[in-house]
Amino acid sequence: MVTILRGNIIHTPAFGKLETLAGGYLVLEDGVIAGVYPRLPEGYAACPVEDWGEKLILPSFADLHLHAPQYPMLGMGMDLPLLDWLNAYTFKTEERFADTDYARRVYRRLAEELVAGGTTRVAMFSSRHTDATLILMEELERAGVTGYVGKVNMDRNSGVAQETTEESIAETLRWLESCHFDHIKPMLTPRFTPSCTDELMAQLGRLAAERDLPVQSHLSENTGEIAWVKELHPDCGQYWETYRKYGLWKPGTLMAHCVYSDERERAAMAEAGVWAVHCAASNVNICSGTAPVRRMLEEGVPVALGSDIAGGDQLAMSQVVVTSIRASKVKAMETGEPFLTVPEAFYLGTAAGSRYFGGGEGFAPGHALHAIVVDEGVFPESTRELTLAERFERAVYLMDEYSIAAVYSEGRRVK
Ligand code: GUN
Ligand code: FE
């Protein structure tokens, strides 16, 4: 089946590259992009056109790090550093998800809000609860979100949210057996080194290898955390080696934060194909720092963006993109390193995550469409006619769920 969208098409087909096409045509065959054209090719002349008029058609967002069971504490508890924040607020909030009715309500709303804000791809942490994790996957699937979800593993230093090692593995196996969703797949999720015993890490590493499962965790977020990891693993020179030791450091492993990853840690990421997920809002909120994103990219570390709710206070990835720019400017003022431009940060929030999941960068032919349509009608009236590049910049800064008129995920319209 052929679907044709017409409108102002704007995308970033490479890092730092912005392409605009006024009144262009985006042609889909069975939801897969056949091409982007300034004029409709004759072969499609008889096909109906979804005409978005003056609206902007942009790629949708990918959120490669967020904690679903922290959604209820969005905007709360920002007055403590990481380790105290986990104990005082986070573990208690996540424990509420032992209640599956509560999980259903919260996760349905979360999935809807993700789509409304234009996020169609995720790599997400659930809580330790198998049943709530399956509910989360079901609700994401229903809403039209695609990607990975992980039941969290945590068998030490986790207060009220702690599992035994046996429970953690048995529940992980039960969860994996029940995962049969089309667009939402399982991802192994040791919370972070301090909350997983060596035995648990070793068993998860074996499982990752045996079943070829992807892995996500946290790395080098906060100085107190890094010092603690050093105490727990005196045999490891650096934090990342605790993951490598157990087979969890492999191509496609997602490591959130990497605020304090130095040259050696970054080289290990580039060499292994481990991704850094930059979570600028969270890193400022709980006073962790700002990751050296520019250095990472220059040194060949793949980087994508994450909202990291509820360390991050914004679920909307458009705002996460803006916060990444802002954080990079603070860093630029301190270090002289160039800040992230709007097209660069937008690329990291859209194309980079798409590439992580095997999709295209921008509207590349041969890949299922992930897109949003932005209606600028609710923005302030400007003093003059704006170029498409200017309209793009304004849309990145101002868009919200009310100005996102439509969302396409995996070739289907989901809003
Ligand atoms: N490190 C371990 N758990 C967490 C978490 O829930 N949020 C953040 N930001 N860092 C963590
Ligand atoms: Fe996190």
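Note: the structure precedes this text.
As the structure is a computational prediction, the values presented were derived from the model and not from experiment.

Parameters and conventions
- Residues numbered from 1 in each chain as written.
- Chains lettered and ligands numbered in written order.
- Predicted model: local features only at pLDDT ≥ 70, side-chain atom pairs only at ≥ 80, totals over all residues.
- Heavy atoms only, no water.
- Donors = N, O, S within 2.8 Å, 3.2 Å for Na, K, Ca; no water.
- Tetrahedral: all angles 85-135°; square planar, octahedral: opposite > 155°, others 65-115°.
- Helix = DSSP H or I, 4+ residues; strand = E, 2+ residues; numbered from the N terminus.
- Buried < 20%, exposed > 50% of the residue type's maximum accessible area, 1.4 Å probe, protein only.
- Near = heavy atom within 4 Å.
- Polar contact = N/O pair within 3.5 Å; in protein donor to acceptor, adjacent residues only side chain to side chain.
- Areas by Shrake-Rupley, 256 points an atom, 1.4 Å probe, with all protein chains shown as cover.
- Nonpolar A, V, L, I, M, F, W, Y, C, P; charged D, E, K, R; others polar.
- Core = buried A, V, L, I, M, F, W, Y, C linked by side-chain atoms within 4.5 Å.
- Contact = heavy atoms within 4.5 Å.
- Pairing = 2+ DSSP bridges.
- Salt bridge = Lys/Arg side-chain N within 4 Å of Asp/Glu carboxyl O.
- Axes fitted to C-alpha atoms, helices over the stretch in contact; angles between N-to-C directions.
- Parallel < 35°, antiparallel > 145°, perpendicular 65-115°, else oblique.
- Left-handed = near helix turned anticlockwise from the far one by under 90°.
- Phe/Tyr/Trp six-rings, centres within 6.5 Å; stacked < 30°, edge-to-face > 60°.
- Lys NZ or Arg CZ within 6 Å of the ring centre and 35° of its normal.

Enquirer: I'm lost on the coordination of the iron ion (ligand 2) in this one. Help?
Expert: Six octahedral donors around a metal ideally sit at 90 or 180 degrees from one another, while four tetrahedral donors ideally sit at 109.5 degrees. Protein-derived coordination of the iron ion (ligand 2) comes from His65 (NE2), His67 (NE2), His218 (NE2) and Asp308 (OD), at a distance range of 2.0 to 2.4 Å. Around the iron ion (ligand 2), the four donor atoms are arranged such that angles at the metal cover 85 to 176 degrees; this shape is classified as irregular. Spacing between the donor residues of the iron ion (ligand 2) along the chain follows H-x1-H-x150-H-x89-D. Of this pair, His65 sits in strand β5 (residues 61-67) while Asp308 sits in the loop between β14 (303-305) and α11 (317-335), placing them 243 residues apart in sequence. Comparing His65 with Asp308 shows no difference in burial state: the two are buried.

Enquirer: I'm lost on the site of ligand 1 in this one. Help?
Expert: Close to ligand 1 lie His67, Gln70, Leu82, Trp85, Leu86, Arg191, Phe192, His218, Glu221, His257, Ser282 and Asp308, which account for all nearby residues. At a separation of 2.7 Å, an oxygen atom of ligand 1 approaches a polar side-chain atom of Arg191. The side chain of Glu221 places a nitrogen or oxygen atom 2.7 Å from a nitrogen atom of ligand 1. Against a free-state accessible area of 270 Å², the protein chains account for coverage of 100% of ligand 1. Considering only residue class, the shell around ligand 1 consists of four nonpolar, five polar and three charged.

Enquirer: Help me understand the nonpolar core in this model?
Expert: It is characteristic of soluble globular proteins that their nonpolar side chains tend to be buried jointly. Ranked by internal contacts, the top residues of the largest apolar core, which has 111 residues, are Tyr107, Leu110, Met124, Leu140 and Trp249. Per element, the largest residue contribution to this core is eight residues, and it comes from helix α2 (residues 100-116). Ignoring any residue separated from it by four or fewer positions in sequence, one finds Tyr107 in contact with Ala68, Pro69, Phe97, Ser126, Ala132, Ile135, Leu136 and Glu139. Counting 13 residues, the second-largest nonpolar core is a separate cluster that includes Leu5, Ile9, Ile33 and Val373.

Enquirer: Is there a simple way to think about the sheet that holds strand β1 (residues 2-14) in this case?
Expert: Strand pairing within a sheet occurs via backbone hydrogen bonds; the two strands may be parallel or antiparallel. With mixed pairing, the seven strands of this open sheet are ordered in space as β3-β2-β1-β4-β15-β16-β17. Looking at the sheet topology across the chains shown, the edges are occupied by β3 (32-37) and β17 (412-413). Bridging between β1 and strand β4 (residues 49-59) involves five bridges; their strand directions are parallel. Across the sheet, Ile9 pairs through a bridge with Ile57, a residue of β4.

Enquirer: Help me out: how do you make sense of the pattern of salt bridges in this one?
Expert: A side chain with one charge may pair with a side chain of the opposite charge, provided their charged atoms come close. This structure, assessed with the given rule, holds 24 salt bridges. One salt bridge connects Arg391 with Glu54, and the closest N-O pair in it is separated by 3.1 Å. Taken together, the positions of Arg391 in helix α14 (residues 388-398) and Glu54 in strand β4 put the pair 337 residues apart, joining distant regions of the chain. Judged by its relative accessible area of 54%, Glu54 falls in the exposed class. Of the charged contacts in the structure, one is a salt bridge between Glu139 and Arg142, with a shortest N-O distance of 3.2 Å. Of this pair, Glu139 and Arg142 are both found in helix α3 (residues 130-143), three residues apart, which corresponds to roughly one turn of the helix. Taking the relative accessible area as the measure of exposure, Glu139 reaches 2% and is therefore buried. Three or more residues are tied together by salt bridges with common partners; here these are Arg104, Arg108, Glu138, Glu139 and Arg142.

Enquirer: Help me understand the packing of α11 against helix α12 (residues 342-349) in this model?
Expert: In helix packing, the relevant descriptors are the interaxial angle and the interaxial distance, both defined with respect to the helix axes. The geometry of α11 relative to α12 is characterised by a closest axis approach of 9 Å and an angle of 130 degrees between their N-to-C directions. One way to sum up the angle between α11 and α12 is to call them oblique. Crossing handedness for the pair α11 and α12: right-handed. In contact with Met317, Val321 and Ile325 of α11, α12 contributes Val342, Ala345, Phe346 and Gly349. When grouped by side-chain class, the residues that make up the contact of α11 with α12 number six nonpolar, one polar and no charged.

Enquirer: It is not clear to me how the pairing of strand β15 (residues 371-374) should be interpreted in this structure. Could you clarify?
Expert: Walk down a regular strand and you will see the side chains alternate between the two sheet faces. Because side chains alternate across β15, one face comprises the buried residues Ala371 and Val373, and the other comprises Ile372 and Val374, equally buried. With four bridges joining them, β4 and β15 adopt antiparallel strand pairing. Among the inter-strand pairings, Pro59 is bridged to a residue of β15, identified as Ala371. Where β15 lies against strand β16 (residues 404-409), four bridges are found, and the strand directions are antiparallel. Directly across from Val374, in β16, lies its bridge partner Ile404.

Enquirer: Please clarify how the packing of aromatic side chains should be interpreted in this entry.
Expert: Two descriptors summarise a pair of aromatic rings, namely the distance from one centre to the other and the angle between the planes of the rings. Taken as a whole and assessed by the stated rule, the structure comprises 11 aromatic pairs. On the numbers, 5.3 Å between centres and 40 degrees between planes, the contact of Trp240 with Trp249 is tilted. A relative accessible area of 10% places Trp249 in the buried class. Geometrically, the ring pair formed by Phe346 and Phe392 is edge-to-face, given 5.0 Å between the ring centres and 90 degrees between the ring planes. Taken together, the residues Phe346 in helix α12 and Phe392 in helix α14 connect sequence positions 46 residues apart. Side by side, Phe346 and Phe392 carry an identical accessibility label, which is buried. One aromatic cluster is present, built from ring pairs that chain together Tyr148, Trp275, Tyr356 and Phe357. The ring of Tyr102 carries the charged tip of Arg96 above its face, separated from the ring centre by 4.0 Å. For Lys329, the ring lying beneath its charged end belongs to Phe339, and the centroid distance is 4.8 Å.

Enquirer: How do you make sense of the sheet that holds β14 when you look at a structure like this?
Expert: If you walk across this open sheet you meet the four strands as β11-β12-β13-β14, and the pairing is parallel. At either margin of the open sheet sits one strand with a lone partner, and together these are β11 (216-219) and β14. The mean angle between the axes of side-by-side strands here comes to 35 degrees, regardless of whether they run parallel or antiparallel. Direction of pairing for β11 relative to strand β12 (residues 254-257): parallel, over a ladder of four bridges. Note on β12: the bridge partner recorded for Gln216 is Leu254.

Read these as geometric descriptors, not functional statements.
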